[in-house]
Amino acid sequence: MRLISYRHKGEAGVGVMVDDTGFVALNNAAPDLPRSLREILSWDGWAAWIEEAVEGKPADLGIDDVVLEPVIPEPQAIWALALNFKMHIEETGLTTSTEHPQIFLRMPCSQVGHLQNMECPRGEISGMYDYEGELAVIIGAGGRYIPKQDALGKVAGYACYNEGSVREFQRHNRQFGLGKNFENSGALGPWMMTADEFGNPANQTVITRLNGVEKQKSGLDDMLFPVEQVIQYLSTGYSLRPGDVIVMGTPGALKPGPDYVAGPNESDRIPGRTHMKPGDTVEVEITGLGVLKNPITQSA
């Protein structure tokens, strides 16, 4: 089952995809359910409620009819991992703990939905606005002190994430802070695929394309800390809530061939990594899940 959050004629709603473009609006099919996916996930047996409500119903809206929001528009927390792919560690030359994941927070205002504009900082502010294709984990049941063997049972579903990053501001201090939280700099979507349908994340691949060119590609089994270990770790200090989002880190950029010639918007530090600029289109695909697509525009 694939669920979206959207706005239609000014009203918030949750939809159930019947194909890649059409969906059943739960506002119509199940008017007693909340109009927030975060609230729906707090209901016991939410998946069964939804499945019963939409069974046999055709799509009554399409994604072109609505404004898609981040799958969880206002999560309690967006926990994000740094240096969680071996490929990314090799690319940057940075060191990290092999015992404890490096975790920081993003704010809800820093993310947009599928097909919505991700905003590039003004040129005088930053020239290094980078894509980061990632797997997003959305918590369902939540809880504290979650054993590793029970952790995947707490996951409601998965989505694609583009953790757009403003590199200069990351380097201003020891905390990533503002560099990971520019307004509308990241994206979450296109939908949440329920955990039972997606299966084991380690069997899938994350791919990032900039203007149709593959820039990142890695199996999710390259993660240093898998989903269940991160959930266990976070829950030792924090009671995970329904709708919490955990962003699992990004792989490195694909290495260019021997005849590669860097373009004008290339990283001065990492061969093959191209900074995003207004007019670009960026896609994050996770196999078996879907493609998150966003145009890049200039920040106001």
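Everything here concerns the structure above.
Scoring rules and cut-offs
In this convention, every chain numbers its residues from 1, walking through the sequence in written order. Reporting in this predicted model follows two pLDDT cut-offs: at least 70 for local features of residues, and 80 or more for side-chain atom pairs to be given and counted; totals over whole chains, interfaces and linings ignore these cut-offs and use all residues. Based on all heavy atoms of the structure, the side-chain values leave hydrogens and waters out of the count. The secondary structure listing takes helices from DSSP runs of H or I that are at least 4 residues long and strands from runs of E that are at least 2 residues long, numbered from the N terminus. Should any heavy atoms of two residues lie within 4.5 Å, those residues are considered in contact. The Shrake-Rupley method, run with a 1.4 Å probe, gives the accessible areas here. Residue values count only the displayed protein chains as cover. When charges are counted, neither His nor the chain ends are considered; positive counts come from Lys and Arg and negative counts from Asp and Glu. A charge is said to be at NZ when it belongs to Lys, at CZ for Arg, at CG for Asp and at CD for Glu. A pair of strands is labelled paired if DSSP reports no fewer than 2 bridges between them. Axis lines are fitted through C-alpha atoms, for helices just across the contact stretch, and the angle between N-to-C directions can take any value from 0 to 180 degrees. Here's how the labels work: a residue is buried when its accessible area is under 20% of the maximum for its type, exposed when over 50%, partly exposed in between, all with a 1.4 Å probe on protein chains only. Each direction from the helix axis to a C-beta atom contributes to the arc, which is the arc of those directions. Polar contacts, as counted here, are pairs of nitrogen or oxygen atoms within 3.5 Å of one another; within protein the pair requires one atom able to donate a hydrogen and one able to accept it, and residues that are adjacent in sequence qualify only if both atoms are side-chain atoms. Centres within 6.5 Å make a pair out of two Phe, Tyr or Trp rings, where for Trp the six-membered ring is used; the pair is then stacked when the planes are under 30 degrees apart, edge-to-face when over 60, and tilted otherwise. Side-chain atoms within 4.5 Å link the members of a nonpolar core, which is a set of buried Ala, Val, Leu, Ile, Met, Phe, Trp, Tyr and Cys residues. Salt bridge, as used here: a side-chain nitrogen of Lys or Arg that lies within 4 Å of a carboxyl oxygen of Asp or Glu.

Got a minute to help me understand the overall build of the chain in this structure?
When its secondary structure is counted, the chain shows 7 helices and 19 strands. Counting only C-alpha atoms and orienting by the principal axes, one finds that the chain spans roughly 55 × 40 × 30 Å. Sequence-distant contacts, at least 24 apart, represent 74% of the contacts inside the chain between residues at least 6 apart. In the form shown here, the chain has an accessible surface area of approximately 13200 Å², with 49% of it arising from carbon and sulfur atoms. Charge separation in the chain, taken as the distance between the mean sites of 25 positive and 39 negative side-chain charges, equals 5 Å.

For this particular structure, what's the right way to read the sheet that holds strand β16 (residues 213–219)?
By definition, the strands of a sheet pair up through backbone hydrogen bonds, in either a parallel or an antiparallel sense. An order of β9-β19-β18-β15-β16 is seen for the 5 strands of this open sheet, with the pairing classed as mixed. At either margin of the open sheet sits one strand with a lone partner, and together these are β9 (118–120) and β16. Averaged over all neighbouring strand pairs, the angle between strand axes comes to 20°, with direction disregarded. Where strand β15 (residues 205–210) lies against strand β18 (residues 281–286), 5 bridges are found, and the strand directions are antiparallel. Within the sheet, the bridge partner assigned to Val206 lies in β18 and is Ile286.

I would appreciate a short explanation of helix α3 (residues 46–54) in the present structure.
Along an α-helix, residues three or four apart share an orientation, since each turn contains 3.6 residues. All buried positions along α3 are accounted for by Trp46, Ile50, Ala53 and Val54. Projected down its long axis, α3 shows its buried positions confined to an angular sector of 85°, all on one face. Positive backbone phi, approximately 75°, marks Gly56, located one or two places after α3.

Any chance you could explain the environment of Val66 here in plain terms?
Among the structural elements, Val66 can be located in the loop between β4 (61–62) and β5 (67–68). With 60 residues separating them in the primary sequence, Val66 and Tyr6 have C-alpha atoms 6.3 Å apart. Discounting residues that sit within four places of it in the chain, Val66 has contacts with Tyr6, Arg7, His8, Phe23 and Leu61.

Looking at this structure, I do not really get the side chain of Asn181. What am I missing?
Secondary-structure assignment places Asn181 in the loop between α5 (167–170) and β14 (186–194). Looking at Asn181, its side chain comes within polar contact range of the main-chain oxygen of Leu105, at 3.3 Å. Ignoring any residue separated from it by four or fewer positions in sequence, one finds Asn181 in contact with Leu105, Arg106, Met107 and Ser110.

Help me understand the packing of aromatic side chains in this model?
To describe a pair of aromatic rings, you give the distance between the ring centres and the angle between the ring planes. According to the stated counting rule, one finds 5 aromatic pairs in the structure shown. The interplanar angle of 85° and the centroid separation of 5.7 Å between the aromatic rings of Trp43 and Trp49 together place this pair among those described as edge-to-face. Here Trp43 falls in the partly exposed class, since its relative accessible area comes to 30%. Their ring planes at 45° and their centres at 5.0 Å tell us that Tyr158 and Phe198 sit as a pair that is tilted. With Tyr158 in strand β12 (residues 155–162) and Phe198 in helix α6 (residues 195–198), this pair connects stretches of sequence that are 40 residues apart.

Sorry if this is basic, but what is going on with the nonpolar core here?
Note on soluble globular proteins: their nonpolar side chains tend to be buried together. Residues Phe23, Leu135, Ile231, Ile246, Met248 and Leu289 are the most contacted members of the largest nonpolar core, which totals 54 residues. For this core, the element with the most residues is helix α7 (residues 227–235), which contributes 4 residues. Grouped together as the second largest cluster of nonpolar side chains are 31 residues, Val16, Ala29, Val71 and Leu188 included.

Explain the pattern of salt bridges here, please?
Pairs may arise between side chains of opposite charge once their charged atoms sit close together. Under the definition given, this model contains 9 salt bridges. Asp130 is paired through a salt bridge with Arg167; the nearest N and O atoms lie 2.8 Å apart. Of this pair, Asp130 sits in strand β10 (residues 129–130) while Arg167 sits in helix α5, placing them 37 residues apart in sequence. By relative accessible area, Arg167 is classed as buried at 11%.

In this structure, what is going on with α7? I would like to understand it.
Burial in α7 covers these residues: Val227, Val230, Ile231, Leu234 and Ser235. Considered in projection along α7, the buried side chains sweep an arc of 125° and stay on one side of the axis. Elements that come into contact with the buried residues of α7 comprise β6 (78–82), β7 (102–106), β11 (133–139), β12 and β17 (245–247).

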